[in-house]
Every structure is written in structure tokens, then in C-alpha cells.
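# Close look at the chain arrangement
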Amino acid sequence: IPTEEFIYIGYLGYFTIFFLMLVAIPAYAVQVRRAHDINLSGWLILAQFLPYIGLISIIFFGVQKSYKGKNKFGEPDY
């Protein structure tokens, strides 16, 4: 089998994949927490997988003010 048919990842590529797997779950957890802070469902973070629209929506919801007082997800932590 010729080696030109395979993509060589190398050690740096393996480190990058490991790092992304390590950071992905906490990053999604923070995004869900942010969605709950503005009184929206955590399922909203799935919108980030839509091209262009997802990135714009995540940025838009990320800069909104937090919902004051009790919301449908419970009491605020502050």
C-alpha cells in the first residue's frame, strides 16, 4: 500500500486531537450554563454546528445580559 494514500498526522496532530477531546465537554458545559443564564434551553448550543448561522447565534446569545431572578432553570448562583 503506497504511503501517499494515508494522511500522516504525526505527534502534534495526536496531541491536538487529544487536547480538543479534553476541552470539548467543559466548553459545551459552559455554553449550556450560559444559555440557562439567559433563560434559554441548553439544546441551543447545537445551533453552533450550522454553518455561519451557528457562530452568529452563539456570539449573539453569549453577549446578552443574564436573566435577573429565578428562571425556569432555578435560582441564580450569585
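The structure reproduced in this document is the subject of the present report.

Cut-off values and rules
Residues numbered from 1 in each chain as written. Predicted model: local features only at pLDDT ≥ 70, side-chain atom pairs only at ≥ 80, totals over all residues. Heavy atoms only, no water. Helix = DSSP H or I, 4+ residues; strand = E, 2+ residues; numbered from the N terminus. Buried < 20%, exposed > 50% of the residue type's maximum accessible area, 1.4 Å probe, protein only. Areas by Shrake-Rupley, 256 points an atom, 1.4 Å probe, with all protein chains shown as cover. Salt bridge = Lys/Arg side-chain N within 4 Å of Asp/Glu carboxyl O. Phe/Tyr/Trp six-rings, centres within 6.5 Å; stacked < 30°, edge-to-face > 60°. Lys, Arg positive; Asp, Glu negative; His and termini not counted. Patch = residues over 30% accessible without salt bridge, like charges linked within 9 Å, V, L, I, M, F, W, Y side chains within 5 Å.

Let's shift gears to the overall build of the protein. Counting its regular elements, the protein contains two helices and zero strands. Among the 78 residues that make up the protein, the fraction classed as buried is 15%. In the form shown here, the protein has an accessible surface area of approximately 6,900 Å², with 72% of it arising from carbon and sulfur atoms.

Taken as a whole, this structure holds one salt bridge when the rule is applied. D37 is the salt-bridge partner of R33, the closest N and O atoms lying 3.7 Å from each other. Residue R33 and its partner D37 are located together in helix α1 (residues 10-37), separated by four residues, close to a single helical turn. Overall, R33 belongs to the partly exposed group, its relative accessible area being 44%. Overall, D37 belongs to the partly exposed group, its relative accessible area being 28%.

Our next topic: the packing of aromatic side chains. Within the structure shown, the criterion is met by three aromatic pairs. Ring geometry for F60 versus F61: centroids 5.4 Å apart, planes at 65°, classification edge-to-face.

With respect to the secondary-structure elements, R34 resides in helix α1. Buried charge without a salt bridge: R34, with D37 as the nearest opposite-charge side chain at an N-O distance of 4.2 Å.

Moving on, we get to unusual backbone geometry. Its identity as a non-glycine residue notwithstanding, N39 has a phi of 65°, on the positive side. In this structure, N39 sits in the loop between α1 and α2 (53-62). For Y52, which is not glycine, the phi torsion reads 65° and is therefore positive. Taking relative accessible area as the criterion, Y52 reaches 73% and is therefore assigned exposed.

Glancing now at a nonpolar patch on the surface. On the surface, F15, F18, F19, L20, L22 and V23 cluster together into a nonpolar patch covering about 620 Å² of accessible area. Position of V23 relative to the elements: it lies in helix α1. Residue class for V23 comes out partly exposed when judged on its relative accessible area of 33%.

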